[in-house]
Amino acid sequence: MKPPILIIVTSTIVLGTMIVLFSSHWLMIWIGFEMNMLAIIPILMKKFNPRAMEASTKYFLTQATASMLLMLGIIINLLYSGHWTISMIPNPVASTVITIALAMKLGLSPFHFWVPEVTQGVSLSSGMILLTWQKIAPLSVLYQISPSINPNLLVTMAATSVLVGGWGGLNQTQLRKILAYSSIAHMGWMAAIMVYNPTLMILNLAIYIMMTLGTFMLFMYNLSTTTLSLSHTWNKSPLIASLILALMLSLGGLPPLSGFIPKWMIIQELTKNDMIVMPTFMAITALLNLYFYMRLMYATALTMFPSANNMKMKWQFESTKKMILLPPLIVASTMLLPLTPMLSIMD
Amino acid sequence: MPVVYVNIFLAFIVSLMGLLIYRSHLMSSLLCLEGMMLSLFVMLTVTVLNNHFTLANMAPIILLVFAACEAALGLSLLVMVSNTYGTDYVQNLNLLQC
């Protein structure tokens, strides 16, 4: 894509999300979502092939439906409360419709069917923007209306999301689909805590974005999109293989790494509010997630996958991929656990 | 709540069902998207005019503008699908299944 067009499209995506983030008028929020969706379709179709076209069509259809449902919720809210500000939504019908619309935008179950297919059809860098930047706007709106969301609806969606995210990723070898199911599961964790402590949702989002950005960039380094091509990393760039090891363990939420911080805080907050079954269930289904991360890691960093003999003597060329801010991202995604007591400044 | 809102809400629900349950053509889901937009436009206009929210008189027109942009984008995607496959059947969009 030519640089001037890329600059215009990227700035519209950023502007759309910024409009959602700092608006207090529902119509402006809707406009921000529309701008975001309109501008990301060219990004999804950077590489023009039938898969990208199909992914863009599916993305457009689901996001357009979600936008229309959001507008319906806004109008019902206007009808019953008489104002356009995004504070409390007194009417339960409007609140349910808006929550469902935002869940469709996020890819929470049972509206998750578009996430693996769309992530699979686009290139790695477009998928990176899709799974990280596009989650910021809906989650910020959910953060602002969190006191008036129906808790039963949200906790049901969270429970089904962690289940779907765990089980759906088990049969995948394509890396983009694995990261899509990982995104569904993490959105489930974020939705579960939104009713009780929305600040922890922002913490989970921040750590998830850092880990996912790091993972995508490590995959882009070798241009690998399948487990098989990732398993050749030990020969081409052994440092990347060990970083994939650390980052996969962090995504799975294992203790000495910073992926554990949000899970720990969320389980603590849920048990403080006398919910015992839900955090137990979520912690157990996180094991399903951990299984397919560990399988990736096993193939990449812990074993030498079966390959032809001349693979072991490949020249190690310098990669020319630009990886922005990768070392700070890796450090932030794996070593932040000792800083957890600093969360007390948010009270 | 006046009965007219139930009518317009029902129109929205019918269009939503038409979007979600379609048989073969992608064009029909785009048409149902426009139907949803139309029912939302009418609902917003009736709300704003009946309750005299004078400052919100522009809101239906702004809704119309952005929905028209979205419709144009949907049509361009339909044209690309049609260029590749010859028709707009949704059975053709099956490359990305697991």
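Worth saying up front: this structure is predicted, and the values here are computed from it rather than measured.

A. Just the overall build of chain B, in detail. Along the backbone of chain B there are three helices and zero strands. Each helix and strand of chain B, placed in order from N terminus to C terminus, yields the pattern α-α-α. For chain B, the C-alpha radius of gyration of 17 Å lies well beyond 13 Å, the compact-globule estimate for 98 residues. Overall, chain B is about 50 × 25 × 25 Å in size when its C-alpha atoms are taken along their principal axes. In chain B, 56% of the contacts between residues at least 6 apart in sequence involve partners at least 24 apart. Accessible surface, chain B: about 5,400 Å² in total, of which carbon and sulfur atoms supply 70%.

B. Structural view of the overall build of chain A. What chain A contains, in helices and strands, is 15 helices and zero strands. By the compact-globule yardstick of 20 Å for 347 residues, chain A fits well, its C-alpha radius of gyration being 20 Å. By its C-alpha atoms, chain A is 70 × 50 × 35 Å across when sized along the principal axes. Here chain A holds 347 residues, and 58% of them are scored as buried. Sequence-distant contacts in chain A: of pairs separated by 6 or more residues, those separated by 24 or more amount to 78%. When the accessible surface of chain A is totalled, it reaches about 13,800 Å², and 71% of it is carbon and sulfur. When the 17 positive and 7 negative side-chain charges of chain A are each reduced to one mean point, those points stand 16 Å apart.

C. Representation of the pattern of salt bridges in the model. All names here are of chain A. A complete count under the given rule lists three salt bridges over all chains for this structure. Among the salt bridges present, the one from K58 reaches E54, with a minimum N-O distance of 3.0 Å. In this pair, K58 and E54 are both assigned in helix α3 (residues 50-81), four residues apart and thus about one turn of the helix distant. Take E54: its relative accessible area is 0%, and that puts it in the buried class. The closest approach of N and O atoms between E269 and K272, which form a salt bridge, is 3.7 Å.

D. Quick peek at the layout of surface pockets. Taken as a whole, the largest pocket holds about 980 Å³ of empty space. Going through the elements one at a time, α1 (3-22), α2 (26-44), α3, α5 (114-121), α6 (124-144) and α9 (198-221) of chain A are the ones with two or more residues in the lining of the largest pocket. The element that contributes the greatest number of residues to the lining of the largest pocket is α6 of chain A, accounting for seven residues. Looking at the lining of the largest pocket, its residues break down into 21 nonpolar, eight polar and six charged. For the second largest pocket, the lining is made up of 20 residues, of which K58, L61 and T62 of chain A together with L20 and Y22 of chain B are closest to its centre. Elements that contribute at least two residues to the lining of the second largest pocket include exactly α3 and α5 of chain A together with α1 (3-20) of chain B. Top element by residues in the lining of the second largest pocket is α3 of chain A. It accounts for five residues.

E. Layout of the side chain of K58 of chain A. Given the relative accessible area of 19%, K58 of chain A is considered buried. Apart from residues lying up to four places away in sequence, K58 of chain A is in contact with E117 and V118 of chain A together with L93 of chain B.

F. The packing of α3 of chain A against α1 of chain B, seen in detail. For the pair α3 of chain A and α1 of chain B, interaxial distance at closest approach is 12 Å and the crossing angle is 165°. In terms of orientation, α3 of chain A lies roughly antiparallel with respect to α1 of chain B. Considering the relative orientation of α3 of chain A and α1 of chain B, their crossing is left-handed. Touching T65, M68, L69, L72, I76 and L79 of chain A of α3 of chain A are Y5, F9, F12, L16 and L19 of chain B, all from α1 of chain B. In terms of residue class, the contact of α3 of chain A with α1 of chain B is made up of 10 nonpolar, one polar and no charged.

G. Fine view of the interface of chain A and chain B. Facing 39 residues of chain A, the contacting portion of chain B comprises 40 residues. Buried surface at the junction of chain A and chain B, both sides included, amounts to about 3,500 Å², of which 84% is carbon and sulfur. In this assembly, chain A and chain B are joined by zero salt bridges. Elements that contribute at least two residues to the side of chain A that touches chain B include exactly α2, α3, α5 and α8 (175-193) of chain A. When residues in the side of chain A that touches chain B are grouped by element, the largest group, 21 residues, is from α3 of chain A. Here the side of chain A that touches chain B is built from residues that sort into 26 nonpolar, seven polar and six charged.

H. View of α3 of chain A. Residues and elements named next belong to chain A. A rise of 1.5 Å per residue sets the reference length of α3, with its 32 residues, at 46 Å; its end C-alpha atoms lie 46 Å apart and thus fit the reference within 8%. When you tally the buried positions in α3, you get 28 out of 32 residues, the bulk of the element. Among the residues trailing α3, G82 stands out with phi positive, at a value near 85°.

I. Spatial organisation of the UniProt feature "domain: NADH dehydrogenase subunit 2 C-terminal" (unreviewed entry) in chain A. As annotated by UniProt and renumbered to match this structure, "domain: NADH dehydrogenase subunit 2 C-terminal" (unreviewed entry) occupies residues 290-343 of chain A. Between the end C-alpha atoms of residues 290-343 of chain A there is a gap of 25 Å, over a span that is 41% helix and 0% strand.

J. Expanded view of the nonpolar core. Residues and elements named next belong to chain A. W26 and F60 are the most contacted members of the largest nonpolar core, which has 144 residues in total. Considering every element that reaches this core, the biggest residue donor is α3, with 17 residues. Contact partners of W26, with chain neighbours within four places excluded, come to L70, I74, N77, W84, T85, I86, I89, I98, V141 and I145.

K. Expanded view of empty space enclosed by the protein. Residue and element names in this part refer to chain A. Under the counting rule described, the total for this entry stands at three cavities of 30 Å³ or more. Here the largest cavity defines a volume of roughly 80 Å³. Every residue lining the largest cavity is listed: F33, N36, M37, Y59, Q63, K105, Q134 and P138. Per element, the largest residue contribution to the lining of the largest cavity is three residues, and it comes from α2. In terms of residue class, the lining of the largest cavity is made up of four nonpolar, three polar and one charged.

Calculation criteria
Residues numbered from 1 in each chain as written. Chains lettered and ligands numbered in written order. Predicted model: local features only at pLDDT ≥ 70, side-chain atom pairs only at ≥ 80, totals over all residues. Heavy atoms only, no water. Helix = DSSP H or I, 4+ residues; strand = E, 2+ residues; numbered from the N terminus. Rg over C-alpha atoms; globule rule 2.2 N^0.38 Å. Contact = heavy atoms within 4.5 Å. Areas by Shrake-Rupley, 256 points an atom, 1.4 Å probe, with all protein chains shown as cover. Buried < 20%, exposed > 50% of the residue type's maximum accessible area, 1.4 Å probe, protein only. Lys, Arg positive; Asp, Glu negative; His and termini not counted. Charge placed at Lys NZ, Arg CZ, Asp CG, Glu CD. Salt bridge = Lys/Arg side-chain N within 4 Å of Asp/Glu carboxyl O. 1 Å grid on protein atoms, 1.4 Å probe; cavity = no way out; pocket = protein on both sides within 12 Å on 5 of 7 lines; lining within 4 Å. Points joined across faces, edges and corners; volume = space filled by probe spheres on them. Nonpolar A, V, L, I, M, F, W, Y, C, P; charged D, E, K, R; others polar. Axes fitted to C-alpha atoms, helices over the stretch in contact; angles between N-to-C directions. Parallel < 35°, antiparallel > 145°, perpendicular 65-115°, else oblique. Left-handed = near helix turned anticlockwise from the far one by under 90°. Buried area = accessible area lost by both parts, 1.4 Å probe. Expected span 1.5 Å × (residues − 1). UniProt positions renumbered as here; feature names shortened; annotations may be inferred. Core = buried A, V, L, I, M, F, W, Y, C linked by side-chain atoms within 4.5 Å.

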